[in-house]
Amino acid sequence: MVGTNNPSDPVITAPPLETAYTQWLREEEVPKHKGSWADLNAVAVEPWKRLGCLGAYVNLAEQESLDAYVAEIPAGGKTHPARHLYEEAIYVLRGQGATTVWYDGMPKQTFEWQEGSLFSPPLNCWRQHFNGEGNQSTRFVSITTAPHTINLFRDKKFIYDNPFVFSSRYQADHDYFSGAGLQKTYTLPDSPGRHRKVWKTNVIPDVLHFENLTDHSRGMYAPGAALSVHFNLAENTMGGHIADQKPGYYKKAHRHGPGAHLIILRGTGYSLQWLEGQPRERVDWKPGIVFSPPDMWYHNHLVTGKEPARLLAELRRSDRVRGRRPGDPKGIRARVQKKWRHGADAASDLPRLRDSGSVTAAKREPIRRTEGEVKYETDAGPVRPKWQSSQ
């Protein structure tokens with residue numbers, strides 16, 4: 001049959017596109033939280049047949065690169081053993097317990113965790129989580145590469161029932177989950193002359209009090225305004241960083257591909273996000289908030305409390321993979337950095353905001369200038385733009 005442009009022809013409405021991941025997500029039969037942010041401590045959870053605990057998915061920013069789920073294990077309970085071909089990084093929100101991991105034919109290893117622990121079971125290992133509390137539940141959030149993996153292979157048996165052993169990633173070494181780490185320095189291929197220090201480990205026992213942070217402003221903050229450390233867990237392609245940001249400062253606006261998840265560990269403040277040429281949105285945050293900006297939306301982070309904020313970021317990039325887009329020999333970061341240098345975060349692009357709820361479109365108002373400086377009002381006093389160093 002040949003189609004025509006005749007107005008009398010019947011109109012056929014196609015159903016919404018369903019990817020392999022969205023189909024799998026529907027079959028999981030647990031709540032799904034959408035949007036650009038969520039309160040991980042308040043996300044409603046329901047019985048999860050596959051894992052044998054309570055759970056919910058957190059699918060942010062309308063993207064299928066990385067996702068997140070919240071799992072809650074009742075007092076004295078445990079999850080079902082599980083293995084899969086996607087990576088995950090687990091951050092413990094509440095409680096304490098232990099996890100046992102193993103490959104078929106290898107001895108089992110068990111390590112303990114507590115609130116603030118960050119770890120990653122090795123790829124395709126069996127893993128089972130135990131609640132060590134006898135009188136309260138434990139809760140954790142996991143950031144995973146499930147969307148990418150499921151859309152790539154489109155076969156649940158291959159993903160969940162695959163006996164392959166990734167011996168290059170895990171060999172049941174006795175100190176694998178000891179919390180020990182090694183700092184390595186890498187040259188960034190898309191930024192000649194620049195290097196990145198990465199903390200390579202498999203477990204960070206307490207991210208809340210992790211001290212291996214250094215001044216890492218690199219033009220993103222005012223000098224001395226922030227400390228940070230990049231990390232890579234379990235030889236994953238996912239990577240991340242921990243950052244301490246002083247009150248009264250903000251991180252310069254930036255953008256990148258989809259999937260990055262930012263978890264607020266300590267402090268209060270807000271993030272602005274916007275698509276170039278569109279109104280800005282404001283996301284207020286406190287400990288437990290997770291925020292994920294949409295693909296190539298500008299965003300920055302401002303600390304308004306009286307104490308420094310600690311932020312944990314997970315994204316699909318590490319020393320193992322430095323992606324570049326086709327036709328972009330210098331890499332996406334080079335183009336974005338050029339945009340920053342030409343005013344993407346100039347004073348006029350960071351308006352003062354009028355509160356009207358936890359997420360609100362930013363209203364541009366006149367910038368108050370004092371003796372040649374630009375200041376922004378916060379609960380902790382003026383926010384200093386990154387080009388103004390602290391006095």
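Refer to the structure above for everything that follows.
Since the model is a prediction, treat every value here as computed from it, not as a measurement.

About the thresholds
- Residues numbered from 1 in each chain as written.
- Predicted model: local features only at pLDDT ≥ 70, side-chain atom pairs only at ≥ 80, totals over all residues.
- Heavy atoms only, no water.
- Helix = DSSP H or I, 4+ residues; strand = E, 2+ residues; numbered from the N terminus.
- Buried < 20%, exposed > 50% of the residue type's maximum accessible area, 1.4 Å probe, protein only.
- Contact = heavy atoms within 4.5 Å.
- Areas by Shrake-Rupley, 256 points an atom, 1.4 Å probe, with all protein chains shown as cover.
- Pairing = 2+ DSSP bridges.
- Phe/Tyr/Trp six-rings, centres within 6.5 Å; stacked < 30°, edge-to-face > 60°.
- 1 Å grid on protein atoms, 1.4 Å probe; cavity = no way out; pocket = protein on both sides within 12 Å on 5 of 7 lines; lining within 4 Å.
- Points joined across faces, edges and corners; volume = space filled by probe spheres on them.
- Salt bridge = Lys/Arg side-chain N within 4 Å of Asp/Glu carboxyl O.
- Core = buried A, V, L, I, M, F, W, Y, C linked by side-chain atoms within 4.5 Å.
- Axes fitted to C-alpha atoms, helices over the stretch in contact; angles between N-to-C directions.
- Parallel < 35°, antiparallel > 145°, perpendicular 65-115°, else oblique.
- Left-handed = near helix turned anticlockwise from the far one by under 90°.
- Nonpolar A, V, L, I, M, F, W, Y, C, P; charged D, E, K, R; others polar.
- Polar contact = N/O pair within 3.5 Å; in protein donor to acceptor, adjacent residues only side chain to side chain.

This part takes up the overall build of the chain. Secondary structure summary: the chain contains 4 helices and 26 strands in total. Counting every position in the chain, which comprises 391 residues, the buried fraction comes to 53%. In the chain, the proportion of contacts linking residues at least 24 apart, taken out of those at least 6 apart, comes to 70%. With the model as given, the accessible surface of the chain reaches about 18,800 Å², and the carbon-plus-sulfur share is 52%.

Attention shifts here to the pairing of strand β13 (residues 195–201). With 5 of its 7 residues buried, β13 lies for the most part within the structure. Relative to β13, strand β12 (residues 181–187) runs antiparallel, the two sharing 7 bridges. Within β13, the residue paired with T187 across the bridge is H195. Relative to strand β16 (residues 226–233), β13 is paired through 4 bridges, and the arrangement is parallel. Its bridge partner lying in β16, T201 is registered against L233.

So, on to the packing of aromatic side chains. Throughout the structure, instances matching the rule amount to 19 aromatic pairs. Taking 6.2 Å as the distance between ring centres and 65 degrees as the angle between the ring planes, the aromatic pair formed by Y57 and Y69 counts as edge-to-face. Here Y57, found in strand β4 (residues 53–60), pairs with Y69, found in strand β5 (residues 67–73); they are 12 residues apart in sequence, far enough to count as distant. Just as Y57 is buried, Y69 falls in that class too.

The next thing to look at is the layout of surface pockets. Volume-wise, the second largest pocket comes out at about 320 Å³. If you trace the second largest pocket, you find 18 residues lining it, with A180, K200, T201, N202 and E235 closest to the centre. Listing elements by their share of the lining of the second largest pocket, those giving two or more residues are β12, β13 and β16. Tallying contributions element by element places β12 first for the lining of the second largest pocket, with 3 residues.

Time to look at the pattern of salt bridges. Summed over all chains, the structure comprises 15 salt bridges. When the shortest N-O distance is used, the salt bridge between K200 and E235 registers 3.9 Å. Pair noted here: K200 is in strand β13 and E235 is in the loop between β16 and β17 (239–245), with a separation of 35 residues, a long-range link. Each of the salt bridges in this network shares a partner with another, and the network as a whole consists of R83, D104, K157 and D161.

Moving on, we get to the nonpolar core. With 33 residues, the main nonpolar core has W24, Y57 and Y170 as its most contacted residues. Among the elements of the structure, α1 (20–28), β4, β5, β6 (88–94), β8 (109–113), α2 (146–153) and α3 (156–160) are those that each provide at least two residues to this core. Setting aside residues no more than four positions away along its own chain, Y170 makes contact with V101, Y103, M106, Q109, P122, C125, Y176 and F177. Of all hydrophobic cores here, the second largest spans 31 residues; its members include A56, V141, F210 and L312.

Time to look at the packing of α1 against α2. Orientation of α1 relative to α2, taken along the N-to-C sense of each, is 110 degrees, at an axis distance of 8 Å. Of the possible angle classes, the one that applies to α1 and α2 is roughly perpendicular. Relative to α2, the crossing made by α1 is right-handed. When α1 is examined against α2, the residues A20, Y21 and W24 are found in contact with a partner set consisting of A146, P147, I150 and N151.

The next subject is α2. Note that an α-helix has 3.6 residues per turn; residues three or four places apart therefore point the same way. Within α2, the full set of buried residues consists of A146, P147, T149 and I150. Positive phi shows up at R154, right after α2, with a value of about 55 degrees.

Further remarks concern the sheet that holds β8. Hydrogen bonds between backbone groups are what pair the strands of a sheet, and the pairing can be parallel or antiparallel. Strands sit in the order β8-β7-β10 across an open sheet of 3 strands; the sheet is antiparallel. In this open sheet, the two strands that pair with only one neighbour each are β8 and β10 (126–131). Taking the axes of each pair of neighbouring strands and ignoring which way they run, one obtains an average angle of 20 degrees across the sheet. Of the pairings in the sheet, the one linking strand β7 (residues 97–102) to β10 comprises 6 bridges and is antiparallel in character. Counted as the bridge partner of G97 is N131 from β10.

Here the focus is the environment of N135. Assignment of secondary structure puts N135 in the loop between β10 and β11 (138–144). Classification of N135 by relative accessible area gives exposed; the value is 68%.

Here the focus is empty space enclosed by the protein. The tally for this structure, following the rule as stated, stands at 3 cavities of 30 Å³ or more. Looking at the largest cavity, its volume works out to about 120 Å³. Forming the boundary of the largest cavity are 18 residues, of which L51, Y69, A82, H84 and E88 lie nearest the centre. Of all the secondary-structure elements, those providing two or more residues to the lining of the largest cavity are β4, β5, β10 and β11. Residues that form the lining of the largest cavity fall into these classes: 9 nonpolar, 5 polar and 4 charged.

Our focus in this paragraph is the environment of R169. With respect to the helices and strands, R169 occurs in the loop between α3 and β12. R169 sits 66 residues away from E235 along the chain, and the two C-alpha atoms are 6.1 Å apart. In contact with R169, other than residues within four places in its own chain, are E87, L123, Y176, A234, E235, N236 and T237. At a separation of 3.1 Å, a polar atom in the side chain of R169 contacts the side chain of E87.

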